[in-house]
Amino acid sequence: MKTLILKINERNPEKEKIEVATKIIKSGGLVAFPTETIYGLGASAFDINAIKKIFKAKGRPGDNPLIVHIADKKEIYNIAKNVPRITEKLIEEFWPGPLSIVLDKKENISDEVTAGLKTVAIRMPRNNIALELIKSSGPIAAPSANISTRPSGTSVEHVIKDFDGKIDCIISSADSEIGLESTVVSLVTHPPLILRPGKITLEQLKKLLPNIEIHDSARGEKFNGKPDSPGMKYKHYSPKAKVILVEGEKNKVREKVRELILEYKIKNRKFYVLLLDDKVKLAKDMFRIFRKCDEMSFDFIIVPGTDEEDIGLAIMNRLRKAASKIIKV
Ligand code: TXA
Ligand code: MG
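Rules used throughout
- Residues numbered from 1 in each chain as written.
- Chains lettered and ligands numbered in written order.
- Predicted model: local features only at pLDDT ≥ 70, side-chain atom pairs only at ≥ 80, totals over all residues.
- Heavy atoms only, no water.
- Phe/Tyr/Trp six-rings, centres within 6.5 Å; stacked < 30°, edge-to-face > 60°.
- Helix = DSSP H or I, 4+ residues; strand = E, 2+ residues; numbered from the N terminus.
- Buried < 20%, exposed > 50% of the residue type's maximum accessible area, 1.4 Å probe, protein only.
- Lys NZ or Arg CZ within 6 Å of the ring centre and 35° of its normal.
- Expected span 1.5 Å × (residues − 1).
- Arc of directions from axis to C-beta.
- Contact = heavy atoms within 4.5 Å.
- Near = heavy atom within 4 Å.
- Polar contact = N/O pair within 3.5 Å; in protein donor to acceptor, adjacent residues only side chain to side chain.
- Areas by Shrake-Rupley, 256 points an atom, 1.4 Å probe, with all protein chains shown as cover.
- Nonpolar A, V, L, I, M, F, W, Y, C, P; charged D, E, K, R; others polar.

## Some remarks on the packing of aromatic side chains
The geometry of two aromatic rings is summed up by the distance between their centres and the angle between their planes. Throughout the structure, instances matching the rule amount to four aromatic pairs. Geometrically, the ring pair formed by Tyr272 and Phe298 is edge-to-face, given 6.3 Å between the ring centres and 85° between the ring planes. You can see Tyr272 sitting in strand β14 (residues 271-273) and its partner Phe298 sitting in the loop between α10 (279-295) and β15 (300-304), a full 26 residues away along the chain. The exposure class assigned to Tyr272 is partly exposed, which follows from its relative accessible area of 31%. The buried category is assigned to Phe298, whose relative accessible area is 15%. Judged by centre distance (6.4 Å) and plane angle (70°), the ring pair of Phe287 and Phe290 falls under edge-to-face. Here Phe287 and its partner Phe290 are both found in helix α10, three residues apart, which amounts to about one turn of the helix. Just as Phe287 is buried, Phe290 falls in that class too. Members of the aromatic cluster, connected to one another through ring pairs, are Tyr264, Phe271 and Phe300. Just above the ring of Phe298 sits the side chain of Lys270; from NZ or CZ to the centre is 5.3 Å.

Here is the structure:
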């Protein structure tokens with residue numbers, strides 16, 4: 001398949017180009033598009049065959065549901081039912097933006113989108129291209145634009161690497177502003193739960209949902225319970241290089257990392273040390289660094305862990321899921 005690479009200006013998306021992408025979506029094709037979090041791999045949320053193509057192109061397990069992306073807050077009521085009143089406040093505060101909300105689904109959302117669940121995750125992204133595309137195509141179901149288990153694509157080069165020749169169109173735009181996937185919050189559980197931490201932090205959500213809790217698995221540790229979000233149980237975000245995550249008291253972590261560096265040097269291994277001093281910047285760069293390390297055939301990525309405050313929770317979640325080994329000191 002020949003993939004159309006469509007360069008679109010984010011500030012001022014060219015109408016005729018949005019038209020081209022819209023035609024592809026409306027005729028059952030797949031379009032990778034930028035969002036403020038990461039790139040998404042989109043299809044019409046109401047086209048079952050197109051949805052099936054997403055799973056095939058990614059190699060995604062069939063029981064991992066997709067997020068439905070909308071461009072108008074009111075659209076939530078066409079997709080979800082029993083919407084609790086607090087939802088209005090949440091979307092007022094955080095939409096458009098990196099928050100996906102899990103609600104009871106309406107019948108028009110197929111089992112293919114939700115992987116058989118009775119609930120659906122909905123998000124209104126903040127990126128202009130995404131918004132214009134959704135406005136003209138209708139709701140778009142989209143997972144992250146990466147081959148399953150690989151790091152999410154945060155630049156168009158990553159998406160091209162994974163999907164050139166496999167999907168109809170890739171919209172080319174700037175690198176992702178945030179670089180980490182959206183926060184997924186379930187409002188169908190009592191109390192509400194963070195199923196996947198992201199840019200919108202626990203601290204921010206607590207202001208509107210004081211009783212919100214973090215799902216056991218959302219810290220990213222190995223999880224054997226019942227997954228409220230099927231994505232929890234899969235290996236994720238993994239570069240080919242082995243990620244060695246060191247966690248614990250700061251000084252001990254530093255000492256252990258120093259030891260590892262020495263060990264790998266002696267063994268003549270190729271490694272990269274991922275420093276986490278600036279968490280916001282790291283969130284933006286992490287997946288890019290993972291992919292870069294693969295390109296350069298690194299054997300190991302050594303990561304001294306960070307705290308779980310603010311965006312730290314999301315970073316540690318991704319790192320623990322990506323890690324081949326977690327060393328606790
Ligand atoms: O930032 C993002 O969320 C990006 C962009 C493209 O919007 N999308 C993204 O999609 O990260 P994906 O498919 O890689 O991750 C969706 C996550 C998965 O962990 C999935 O299990 C969870 O959301 N999810 C989707 N629908 C759900 C539902 N009904 N109940 C619980 N979890 C759900
Ligand atoms: Mg993903």
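## Considerations on helix α1 (residues 15-26)
The terminal C-alpha atoms of α1 lie 16 Å apart, and with twelve residues this matches the ideal 16 Å at 1.5 Å per residue to within 8%. Of the residues making up α1, those classed as buried are Ile18, Ala21, Thr22, Ile24 and Ile25. Take α1 and look down its axis: the buried residues cluster within an arc of 160°, on one side only. In this structure, α1 carries Glu16, Lys23 and Lys26 as exposed residues pointing more than 90 degrees from its buried face. Contact partners of the buried residues in α1: β1 (4-7), β2 (31-34), β3 (39-44), α6 (128-137), β8 (140-142) and β9 (169-172). In the segment just after α1, Gly28 is the residue with positive phi, at about 90°.

## Points about the environment of Asp47
Position of Asp47 relative to the elements: it lies in the loop between β3 and α2 (48-58). A relative accessible area of 23% means that Asp47 is categorised as partly exposed. Remark: the alpha-carbon pair of Asp47 and Pro98, spanning 51 residues in sequence, is separated by 25 Å.

## Let's talk about the site of ligand 1
Neighbouring ligand 1 are 27 residues, the closest being Thr37, Arg60, Asn64, His69 and Ser182. A distance of 2.9 Å separates an oxygen atom of ligand 1 from a polar side-chain atom of Arg196. Coverage of ligand 1 by the protein chains reaches 96% of its 680 Å² of free accessible surface. Looking at the shell around ligand 1, the elements that each hand over two or more residues are β4 (67-69), β7 (119-123) and β11 (193-196). Taken together, the residues of the shell around ligand 1 sort by class into 13 nonpolar, nine polar and five charged.

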